[in-house]
Amino acid sequence: LWLCPFAYNTFHRAAKYPGSALFDCPSGIYQLCFCDNKPLPFFLCRHDDLKEMLDSNKDSLKLEAMKRIVAMIARGKNASDLFPAVVKNVACKNIEVKKLVYVYLVRYAEEQQDLALLSISTFQRGLKDPNQLIRASALRVLSSIRVPIIVPIMMLAIKEAASDMSPYVRKTAAHAIPKLYSLDSDQKDQLIEVIEKLLADKTTLVAGSVVMAFEEVCPERIDLIHKNYRKLCNLLIDVEEWGQVVIINMLTRYARTQFLSPNQNESLLEESAEKAFYGSEEEDSKEDKAEQASLAKRKPYVMDPDHRLLLRNTKPLLQSRNAAVVMSVAQLYFHLAPKAEVGVIAKALVRLLRSHSEVQYVVLQNVATMSIKRRGMFEPYLKSFYIRSTDPTQIKILKVCWKFKHSSTYIRSMDKDFVAATIQAIGRCATNIGKVRDTCLNGLVQLLSNRDELVVAESVVVIKKLLQMQPSQHSEIIKHMAKLTDNIQVPMARASILWLIGEYCEHVPKIAPDVLRKMAKSFTSEEDIVKLQVINLAAKLYLTNSKQSKLLTQYVLNLAKYDQNYDIRDRARFIRQLIVPTEKSGALSKYAKKLFLAQKPAPILESSFKEREHFQLGSLSHLLNAKAVGYQELPDWPSEAPDPSVRNVEVLVHPPSTAGGKWVPPPPKKKTNFAFRHRQDTTFFLGSNVIANCQNIFPPETPKRNVLSPDLFLSDHTSEGEQEKTKKKQPLQEGKGGSESSSEEGSLTESSSSESESGSEAEESPPEKEAKKKKAVSGLMPCQANNDIVGCCRISCNNNIFTIISPVFGAVKTYELLHRMTGEGLSVEYYFSRQPFPPDSRMVAVQIQISNNTAAEVKNIRVSEPKLLSGMRVQEFQEIETLPPGETVNVVMGIDFCDSTQAASFQLCTHTRQFYVSIQPPVGELMAPVFMSENEFKREQGKLTGMSEITEKLTLPDKCQSDHVIVQQVTAAANVSRVPCGSDKEYRFAAKTVSSGSLILVTLEKKTGNVAHLTINSEKMLIGTMLVKDIIHSLTQ
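Residues numbered from 1 in each chain as written. Predicted model: local features only at pLDDT ≥ 70, side-chain atom pairs only at ≥ 80, totals over all residues. Heavy atoms only, no water.

**Comments concerning the overall build of the protein chain**
A count of helical and extended segments in the protein chain gives 45 helices and 21 strands. Evaluated residue by residue, the protein chain yields a buried proportion of 49% over its 1037 residues. A separation threshold of at least 6 residues defines the contact pool for the protein chain, and within that pool the share at least 24 residues apart is 65%. A total of about 52,400 Å² of accessible surface is found on the protein chain, and carbon and sulfur atoms cover 52% of it. (Helix = DSSP H or I, 4+ residues; strand = E, 2+ residues; numbered from the N terminus. Buried < 20%, exposed > 50% of the residue type's maximum accessible area, 1.4 Å probe, protein only. Contact = heavy atoms within 4.5 Å. Areas by Shrake-Rupley, 256 points an atom, 1.4 Å probe, with all protein chains shown as cover.)

Written out as structure tokens, the structure is:
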């Protein structure tokens, strides 16, 4: 069974049919036979059992099949032939099955594009699914279909997902942007708008993905980073690891264009020192004085605070467990940090040398490049560069650049490439450090007697380069090397010996002609590189010792004249005309000695990593030492600092609130007793307690005209005469009151004027104040309060002006915030008042009732430490100093839910305890009703079609057939207003979201019988989906 997959399928089928039997067929594969003893005429097809399971009506079988298919894909097996069977289940209602189907489709959608296109409508419906994983998977599959015809659909889906309330969906939208850009680069402008929107996202889950999209689509648009630079620096520590790598690399390039070099003064001083050392004092004295004067005038370098912010926030990431993150921070410090601070990366990089060999190789490549400019940076960690016998060859070669103490041991290694690298490293050491040059040279000479020909050959090549520095002092070494020509067979080594003898033939006048004689014998069998050096040796000896070498030179040139290699033939003809004067020889032959025997500069043995300096560390181009596709050059430092104000972000100052999930402490304020003690009814008729509570939000010193001004709440339907009457009231009330309060409160209501008659609350006794506040509460009827508070204001939506109108009130639903048992006698309830929140129109007003059920006073009731999602804000109520036993106080909080049903969590604190509570809004309370005409409704509905439209079918119960009941149930589920409609079978409602102002259009159309169709049109697809469920539940319960 393990050897034959067909046998497994056969046994699986046999288990399903008890009356069957197994027979051995001639081919060695078991066949399934039934009770009539007739074998089946076919073999089971590949994955036949999986296809049957996928076609089953049971979700459990489908789930098991999808798990097995995904496991096959994970093991690298091809499952593309199952695509038709899998794609049929894309509309499955089981969430777990749908997730796995999307995983499969992401893998094979690009290969099976035609079949994937057939299900595109299903993918579009998946974009509206309440489950964030389904929405993200649908977008991922849609972006994996590489067909230009669906580009508009992809663009619309990405724009919608970029506004999704789920960070995971927004992250997926960022991943889809490069896919769409590679499919159609003409969409770049629209994609940049989406990238700009996502860059402003404050969620760490989105940051890395959107920066990656930025790097792929528009890396040149550095202006998009200005406003988000500080936010990215602060979020960096919390971003996922691969997002950190992308952001750090992008910020490295950004910093090189926006900040001055922290080492610019040091580099200028070094350059001036070099010029003073090598230049002529007489010629350069004036220039030196001018340069010194300019350096003296130059302002001392002061690091930009944003530059320091980047270095400070990336330094902790050197402790990351991810090697790529550590490498990214290391390259950032190397390219951006002051020279004195670069050393902090050494320890982190040495730690990576304990990782896998692949990581070691990359790190050592970068360490080698760093050590060229920062020679002493890794000296304290030299022990970490010891070479182990288990190290791969490439690791050994890179480490040998650091360790010369054990070179004699390394040379005896069986790894020939490693031995060659060791000898080359000894040569570089002798070149760069004059004190050890003789020691290294003697050691290399000893290697000439090594039995290993490769060691000898490599030593000869290195010695040849070293002898060029001091040839007169090492004639004995040249003689010793001349004797090796009989034994060494490596072409490069033989060529090096011949060049050395020819170049310094004056130091070995007796040996050089004999070497030429030996080489002339074997000339025809030598390699080309050796032949060229034999010709050069013959020419040099002819010019310096023609008596002994004239005939040998002519013999060698005659052999070279008929060589198969044209380079050798050409070289022989050229040298013959140059050194053997004839009548046809030109003037060049006079300078033959100068040409051949000119003193040549000593070679500089440099590390091969010297060439990689111009590549950014940690990049693929640096690793390959070649520019890779997509590599972006590291910009040069600017000569003058760009304007730092481009990174300043305008912050809207709200009253005590939170922004972006970060707590902003409220300003110090005077503690006051609660304004009134009043038990709220179970209806939405609020009265003037809303006014009193809204006033309690602000400190007493805040001008109340800014809080509740008649101009703010004045209805558009108010006549001019009424407005004039209101204006006339103000001077009268100002005359009654004192200096401060009366002038600020005089335009509100009669209750406010009565409060201001005494001029100052401090002058009255507490009983008098309490009586006046109770009188103020009872002075307004509910209807008057609603008209005064709600009024009408205008909003702009889609270039049309719609009027916010008073909400339709019904039975209020109260939610428990803190139970009296949990709160130790303090109970808190809340409900959504559907009133505008005057301090901030984007906040939802939440009415909170706090009751003291204990026998003691509760003091210092306040809100503290909200824990909010990105973008959400809270404006807490003013601290309540004391709440006597058995009393209740009503206060108002404002919460900006950002069009999300996610809970706003915070602490409700007293003088002794802290209680963790949360307020979660129903989706219907996130909107405010607006007034629209029928034509305006139809026009806006026509704009919100396609993915912005959701339609569901429902059956209305018998009790929900009248107009009054239907309107009552719909407005109970959502804060919407009814729109006039000419048809008695159709009901229309309109609202806008409080936070973003997006239109919500609701249409309920009765069909035959009790059937009805509910349609929601909104840009906010998720809100529309949730609202459909709530309204259907309200109508059918």
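**A short note on the pattern of salt bridges**
In total, this model carries 31 salt bridges according to the counting rule given. Among the ionic pairs, Asp306 bridges to Arg647, the shortest N-O distance being 2.6 Å. Note that Asp306 is positioned in helix α18 (residues 305–314) and Arg647 in the loop between α34 (620–624) and β3 (658–659), a separation of 341 residues in sequence. Comparing Asp306 with Arg647 shows no difference in burial state: the two are buried. Between Glu526 and Arg494 there is a salt bridge, with the nearest N and O atoms lying 2.8 Å from each other. A residue pair is termed long-range when its members are at least 10 positions apart, and Glu526 in the loop between α29 (511–521) and α30 (528–544) and Arg494 in helix α28 (residues 491–503) qualify at 32 residues. For the pair formed by Glu526 and Arg494, the shared burial category is buried. It is possible to trace a salt-bridge network through shared partners that takes in Arg230, Asp304, Asp306 and Arg647. (Salt bridge = Lys/Arg side-chain N within 4 Å of Asp/Glu carboxyl O.)

**Regarding the packing of helix α8 (residues 132–144) against helix α10 (residues 167–183)**
Helix packing geometry: the angle between the two helix axes and the distance between the axes. It is at 9 Å that the axes of α8 and α10 come closest, and there the two elements cross at 5 degrees. Taken as axis vectors, α8 and α10 run roughly parallel relative to one another. Residue-level inspection shows Gln132, Leu133, Arg135, Ala136, Leu139, Arg140, Ser143 and Ser144 of α8 in contact with α10, the latter providing Tyr168, Val169, Thr172, Ala173, Ala176 and Lys179. (Axes fitted to C-alpha atoms, helices over the stretch in contact; angles between N-to-C directions. Parallel < 35°, antiparallel > 145°, perpendicular 65-115°, else oblique.)

**With respect to the nonpolar core**
By size, the foremost hydrophobic cluster in this structure holds 117 residues, and its most contacted members are Ile69, Tyr104, Leu105, Leu349 and Met370. No other element matches the 9 residues that helix α19 (residues 323–336) contributes to this core. Residues contacting Tyr104, with those up to four places away along its chain left out, are Met66, Ile69, Ile73, Ala79, Ser80, Leu82, Phe83 and Val86. Ala482, Trp499, Ala512 and Ala520 belong to the second largest nonpolar core, which has 44 residues in total. (Core = buried A, V, L, I, M, F, W, Y, C linked by side-chain atoms within 4.5 Å.)

**Description of the sheet that holds strand β11 (residues 873–875)**
An order of β7-β8-β9-β13-β11 is seen for the 5 strands of this open sheet, with the pairing classed as antiparallel. Because the sheet does not close on itself, it has two edges, and the strands there are β7 (815–818) and β11. Taking each pair of neighbouring strands and ignoring which way they run, the sheet shows an average axis angle of 35 degrees. In this sheet, strand β9 (residues 844–852) lies alongside strand β8 (residues 826–836) in antiparallel orientation, the contact comprising 8 bridges. Looking at β9, one finds that Val828 is bridged to Ile850. (Pairing = 2+ DSSP bridges.)

**Thoughts on the sheet that holds strand β15 (residues 914–919)**
One open sheet accounts for 4 strands, arranged β12-β10-β14-β15; its pairing is antiparallel. Both edges of this open sheet fall to β12 (880–883) and β15, since each of them pairs with a single strand only. Across this sheet, the average inter-strand angle for adjacent strands is 35 degrees, counted without regard to direction. With 3 bridges connecting them, strand β10 (residues 858–867) and β12 associate as antiparallel partners.

**Here's the deal with the confidence of the model for the protein chain**
The predicted model of the protein chain has a mean per-residue pLDDT of 75, with 68% of residues at 70 or higher. In this model residues 652–800 is a low-confidence stretch, pLDDT under 50, and it forms 239 contacts with partners more than four residues away in sequence or in other chains. (pLDDT = per-residue confidence, 0-100.)

**Digging into helix α45 (residues 1021–1036)**
A rise of 1.5 Å per residue sets the reference length of α45, with its 16 residues, at 22 Å; its end C-alpha atoms lie 23 Å apart and thus fit the reference within 8%. By the burial criterion, the buried members of α45 are Met1021, Leu1022, Ile1023, Gly1024, Thr1025, Leu1027, Val1028, Ile1031, Ile1032, Ser1034 and Leu1035. (Expected span 1.5 Å × (residues − 1).)

**With respect to the environment of Leu251**
With respect to the element layout, Leu251 can be found in helix α15 (residues 241–258). Owing to a relative accessible area of 0%, Leu251 belongs among the buried residues under this scheme. Once you skip the residues sitting within four places of it in the chain, Leu251 turns out to touch Tyr229, Cys233 and Leu310.

**Regarding the packing of aromatic side chains**
With the rule as written, the count across this model stands at 9 aromatic pairs. Aromatic pair Tyr229 and Tyr254: ring centres 5.1 Å apart, planes at 25 degrees, arrangement stacked. In this pair, Tyr229 sits in helix α14 (residues 229–235) while Tyr254 sits in helix α15, placing the two residues 25 residues apart along the sequence. There is no split in this pair, since Tyr229 and Tyr254 are both buried. For the ring pair Phe615 and Tyr631, a centre distance of 5.7 Å and an interplane angle of 75 degrees mean the geometry is edge-to-face. Of the two residues, Phe615 sits in the loop between α33 (592–596) and α34 while Tyr631 sits in the loop between α34 and β3, which places them 16 residues apart along the sequence. Accessibility assignment for this pair places Phe615 and Tyr631 in one class, buried. Against the face of Tyr108 rests Arg107, its NZ or CZ located 4.5 Å from the ring centre. (Phe/Tyr/Trp six-rings, centres within 6.5 Å; stacked < 30°, edge-to-face > 60°. Lys NZ or Arg CZ within 6 Å of the ring centre and 35° of its normal.)

**Describing a nonpolar patch on the surface**
Taken together, Phe574, Leu588, Tyr591 and Leu595 make up a surface patch of nonpolar side chains, about 420 Å² in accessible area. In this structure, Phe574 sits in helix α32 (residues 566–579). (Patch = residues over 30% accessible without salt bridge, like charges linked within 9 Å, V, L, I, M, F, W, Y side chains within 5 Å.)

**Brief notes about the packing of helix α12 (residues 204–217) against α15**
It is the contact of α12 with α15, at a shortest axis distance of 8 Å, that shows an interaxial angle of 50 degrees. One finds that α12 runs oblique with respect to α15. In the packing of α12 onto α15, the handedness of the crossing is left-handed. From α12, Ala207, Gly208, Val211, Met212, Phe214 and Glu215 reach across to α15, where they touch Gly243, Val246, Ile247, Met250 and Arg253. Of the residues belonging to the contact of α12 with α15, the class tally is 7 nonpolar, 2 polar and 2 charged. (Left-handed = near helix turned anticlockwise from the far one by under 90°. Nonpolar A, V, L, I, M, F, W, Y, C, P; charged D, E, K, R; others polar.)

**A look at unusual backbone geometry**
Look at Arg834: it is not a glycine, yet its phi comes out positive at around 60 degrees. Mapping Arg834 onto the fold places it in strand β8. Of note in this structure, Asp899 is not a glycine but carries a positive phi near 55 degrees. By the secondary structure assignment, Asp899 is in the loop between β13 (888–896) and β14 (904–909).

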